[in-house]
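Spelled out, the chains give:
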Amino acid sequence: MAATDLHELLRSLRVWAPGVTELPPFDPATAPTSPLQLFTTWFAEAVAAGQPEPHTMSLATADEDGSPDVRIVMLHGADADGWSFATHDVSRKGRQLAARPEAALVFYWPALGRQVRVRGPVTSAPSAESQADLHARSTGALAAALTGRQSEPLGSPEELRQASEAAWEAARRDPAALSPTWTLYRLRPREVEFFQGDAERRHVRLLYRGERDGWHRQLLWP
């Protein structure tokens, strides 16, 4: 595709098309005192609106030199301990979190014109808890974890096929098999921002900032 074709395609696209997206009103004055409460409500509303894969999120990290990186991962939970996700601690993102234990998350739910952004320090759960998280998931998730070697150079698709087949066999044979490098991470938020799109571009942005005396709320210009 030529660059001019790409530009024409981009100009033809629209966001929040009628019939696809519903932009519900959001009065920040009625927002709860805790961002977790509002996130839980918005997440449930995204599911009810038919948003595909609402539990996926962008995870941004940085390496030891400060170079940024981002990818899509799955939310494993959100509670008083933070927003959780998992990966191998020897993967690229695992190494980056070891070097710089800070991260940012973004959820985007276009069915409702909503975003949620979360920033804060990241800690890793104990091994037993990480393995329990893995074993609560599907056989395919366990097989993928047992395949391992995430982010390492791959010699060929055949090499992956053989390793994956062996991992699937191991996962079916022993659903409690351990993956020592699999790690559950928790991001404890310092800031959580909720964005509600508006058809007149008067978008609502509500920022929760954690202070010693609790959460403080502030509106931001869109």
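Shown above is the structure to which this text applies.
Residues numbered from 1 in each chain as written. Predicted model: local features only at pLDDT ≥ 70, side-chain atom pairs only at ≥ 80, totals over all residues. Heavy atoms only, no water.

A. Representation of helix α3 (residues 92-99) in the model. Every buried residue of α3 is listed here: Lys93, Gly94, Gln96 and Leu97. One side of α3 holds all its buried residues, which, seen down the axis, span an arc of 165°. Where α3 is buried, its residues touch β1 (56-62), β2 (68-74), β4 (82-88), β5 (102-109), β6 (114-124) and β7 (182-187). (Buried < 20%, exposed > 50% of the residue type's maximum accessible area, 1.4 Å probe, protein only. Helix = DSSP H or I, 4+ residues; strand = E, 2+ residues; numbered from the N terminus. Arc of directions from axis to C-beta. Contact = heavy atoms within 4.5 Å.)

B. View of the nonpolar core. Grouped together as the largest cluster of nonpolar side chains are 27 residues, with contacts concentrated most on Leu38, Phe39, Trp83, Phe85, Phe107, Val116 and Phe194. When contributions to this core are tallied by element, the ones reaching two or more residues are α2 (35-48), β1, β4, β5, β6, β7, β8 (191-196) and β9 (204-211). Not counting the four nearest positions on each side in its chain, Phe194 is found in contact with Pro35, Leu38, Phe39, Trp42, Gln115, Val116, Val204, Arg205, Leu206 and Tyr208. Ranked by size, the runner-up nonpolar core spans nine residues in total, among them Leu142, Ala145, Ala171 and Trp182. (Core = buried A, V, L, I, M, F, W, Y, C linked by side-chain atoms within 4.5 Å.)

C. Region of the structure containing the pattern of salt bridges. Tallying each qualifying case throughout the model produces 15 salt bridges. One salt bridge in this structure joins Arg149 and Glu152, with 3.0 Å as the shortest N-O distance. In this structure Glu152 comes out as partly exposed when scored by relative accessible area, which is 43%. Salt bridges linked by common partners bring Asp69, Arg71 and Arg92 together as one network. (Salt bridge = Lys/Arg side-chain N within 4 Å of Asp/Glu carboxyl O.)

D. Summary view of the environment of Thr33. Tracing the chain through its elements places Thr33 in the loop between α1 (3-12) and α2. For the pair Thr33 and His55, spaced 22 residues apart in sequence, the C-alpha separation works out to 23 Å. Those residues in contact with Thr33, other than ones at most four positions away along the chain, are Tyr208 and Trp215.

E. How the structure looks around helix α5 (residues 139-147). For α5, the set of buried residues is Ala141, Leu142, Ala143, Ala145 and Thr147. Its buried side turned inward, α5 meets β4, α4 (127-135), α6 (157-173) and β7.

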